[in-house]
Amino acid sequence: MNQSFFIKTYGCQMNDYDSNKMEDLLTFNGFSKVSNVEKSDVAILNTCHIRKKASEKLYSDLGRLSVFKENKNKLGKKMHIIVTGCVAQAEGNEIIRRNKSVDYVIGPQNFHIIPKLLKKKKTNQIFTEFLCEEKFKSLPSSNIKNVSRLVTIQEGCDKFCTFCVVPYTRGAEYSRQVEDIYAEVLNYIKNGTSEITLLGQNVSSYKSIIIEKSKKKEVNLSGLMNILSKIPGLKRIRYLTSHPSDISDDLISEHKNNKSVMPFLHLPVQSGSSKILKLMNRKHTKEEYLSIISKIKKNVPKMAFSSDFIVGYPGESNNDFEETLDLIEKVDFASSYSFKYSPRPGTPASTKKNYINDQISNLRLKKIQELLNKQQKTFNTSFIDKNIDVLISGRGKKENQYVGRTPYLQPVHIVSSRNLIGKILKIKIESLTSFSFHGKIIA
Ligand code: SF4
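Conventions and cut-offs
Residues numbered from 1 in each chain as written. Predicted model: local features only at pLDDT ≥ 70, side-chain atom pairs only at ≥ 80, totals over all residues. Helix = DSSP H or I, 4+ residues; strand = E, 2+ residues; numbered from the N terminus. Rg over C-alpha atoms; globule rule 2.2 N^0.38 Å. Buried ≥ 20, exposed ≤ 12 C-beta atoms within 10 Å, placed from the backbone. Contact = placed C-beta atoms within 7 Å. Core = buried A, V, L, I, M, F, W, Y, C linked by C-beta atoms within 7 Å. Domains from an automatic or database assignment. Nonpolar A, V, L, I, M, F, W, Y, C, P; charged D, E, K, R; others polar. Pairing = 2+ DSSP bridges. Expected span 1.5 Å × (residues − 1).

Per the secondary structure count, the chain includes 13 helices and 21 strands. Over its C-alpha trace the chain gives a radius of gyration of 23 Å, about what one expects of a compact globule, namely 22 Å for 443 residues. Along the three orthogonal principal directions, the C-alpha set of the chain runs to about 65 × 60 × 55 Å. Relative to its 443 residues, the chain shows a buried fraction of 40%. Contacts in the chain between residues at least 24 apart in sequence constitute 70% of all its contacts with a sequence separation of at least 6.

For the rest of this paragraph, the subject is the nonpolar core. Of all hydrophobic cores here, the largest spans 86 residues; its most connected members are Ile44, Ile82, Val83, Phe163, Val203, Leu224 and Phe305. Each of domain 1 (4-131) and domain 2 (135-381) gives at least three residues to this core. Beyond its immediate chain neighbours, meaning those up to four positions away, Ile44 contacts Phe5, Phe6, Ile7, Met22, Ile82 and Thr84. Val390, Ile414, Leu420 and Ile429 belong to the second-largest nonpolar core, a separate cluster that totals twelve residues.

Okay, the domain arrangement of the chain next. Domain assignment breaks the chain into domain 1 (4-131), domain 2 (135-381) and domain 3 (387-441). On a C-alpha basis, the centroid separation for the pair domain 1 and domain 2 is 28 Å. Contacts between the two partners involve 24 residues from domain 1, matched on the other side by 20 residues from domain 2. Here the element with the most residues in the side of domain 1 that touches domain 2 is helix H1 (residues 13-28); it accounts for ten residues. Across the side of domain 1 that touches domain 2, the residue classes tally to eleven nonpolar, seven polar and six charged.

Strand-to-strand pairing in sheets goes through backbone hydrogen bonds, with the strands running parallel or antiparallel. Across the sheet, six strands lie side by side as E2-E1-E3-E4-E5-E6; this open sheet has parallel pairing. Two strands in the sheet have a free side with no partner beyond their single neighbour: strand E2 (32-33) and strand E6 (125-127). When strand E4 (residues 80-85) meets strand E5 (residues 104-106), the two strands line up parallel, connected through three bridges. Looking across to E5, one finds that Ile82 is bridged to Tyr104.

So, about helix H13 (residues 358-381). For H13, built from 24 residues, the straight-helix expectation of 34 Å at 1.5 Å per residue is met to within 8% by its first-to-last C-alpha distance of 34 Å. Three or more residues of H13 are buried, namely Ser361, Arg364, Ile368, Leu372 and Asn380. Looking at the buried positions of H13, the neighbouring elements they touch are strand E15 (304-311), helix H12 (318-331), strand E16 (335-340) and strand E20 (424-433).

It is worth spelling out the pairing of strand E11 (residues 207-212) at this point. The sheet contact formed by E11 and strand E12 (residues 215-220) spans six bridges and is antiparallel. Note that in E12 the partner of Glu212 across the bridge is Lys215. Turn length for the E11-E12 hairpin, with the two strands adjacent in sequence and antiparallel, is two residues, and the turn residue Lys213 shows positive phi of about 50 degrees.

Right, let's get into the environment of Glu430. Checked against the element boundaries, Glu430 lands in strand E20. Judged by C-beta crowding, with 12 C-beta atoms within 10 Å, Glu430 ranks as exposed. Separated by 326 residues in the primary sequence, Glu430 and Tyr104 place their C-alpha atoms 51 Å from one another. Setting aside residues no more than four positions away along its own chain, Glu430 makes contact with His438, Gly439 and Lys440.

Spelled out as structure tokens, the structure:
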């Protein structure tokens, strides 16, 4: 009988992509996916290390899983527990020390070895080498059918922001070859995909080489999007996450001239204070960030922006926080994510002593979220009674209901008796509930 596997994914879209790839890999090797961990022979926890809560969650999930494995063993059945992802990379030994029922701890650049490991007897092993190239070359093509697919084009980061674990858990920057990405996207399109999101921890630093007319040519993110947009059937291209210092003029012109590239940019700034940005080693000032935004707005007026914010970074004064609010007012974000600073072991910021009092951080977080929510609501309300293109990606919870996304990623619900999945339709937005639209088909 086929062995079954279960994957739980924590954290970001890079992890979603990796989990999809593990699914492809295990399916290709004869395993079948189950959505209930209790029915699995192999349980994979694909972890995230970006916030403290995420790794705490892993240990509590492992506690429950190990009891379950023990009970299975008593019945004479086997079960493998595998921890993958960034916590695996950062805390390999600690995971095995805290929970002996874990069979393998596998870093993000090693998950391609899972099928081989499952044939071996030796367990309690850790694999955390940086094998990016080998990993991508070993992955089979995908049979998952989805209107919208994630495509990792770049991994790792050389920026070393002081609060971030990525340079340590995902390693140095690595860009995949254009030909490999092209083949992967082509396969997705054949399986019904219309939209891709190009992923990278630092996607805007993507760099590869192609041979054109017998000469080497460098391809950056805008060049790659230009090449991919020529694939028939590919309707929308997105990318994330970008760093402000990598936003080049040709990326802006790609947004201006290439209709497939969506007019929505997630550009994390983290703080509006140049003093804090320097302490964070962000390599740009508040003024430089604002000048990039204004250049983009000037060239591509329909662009909208989202960002990430950290409040309560060590040393953040009231004045620094006010600078962040000022930046938010100036940019006017369509949506954003904001978090209270939490130290990650091994990062330079975690050794700082001048932590901000929790009460103050909570107040700042509340204030920033009120402002960001207000901006998001104003942005969304401006679409009411307007017609907008919506890519229908799936069915809604109600009968005959479909869900899609606008170019700005706002969810839209519509009702139809015919199957609309994969279509881009002109929708008149009629109402807004929380952060989701309801509309009717115009064309
Ligand atoms: S640029 Fe992003 S991924 Fe790289 S270190 Fe900074 S926050 Fe982390």
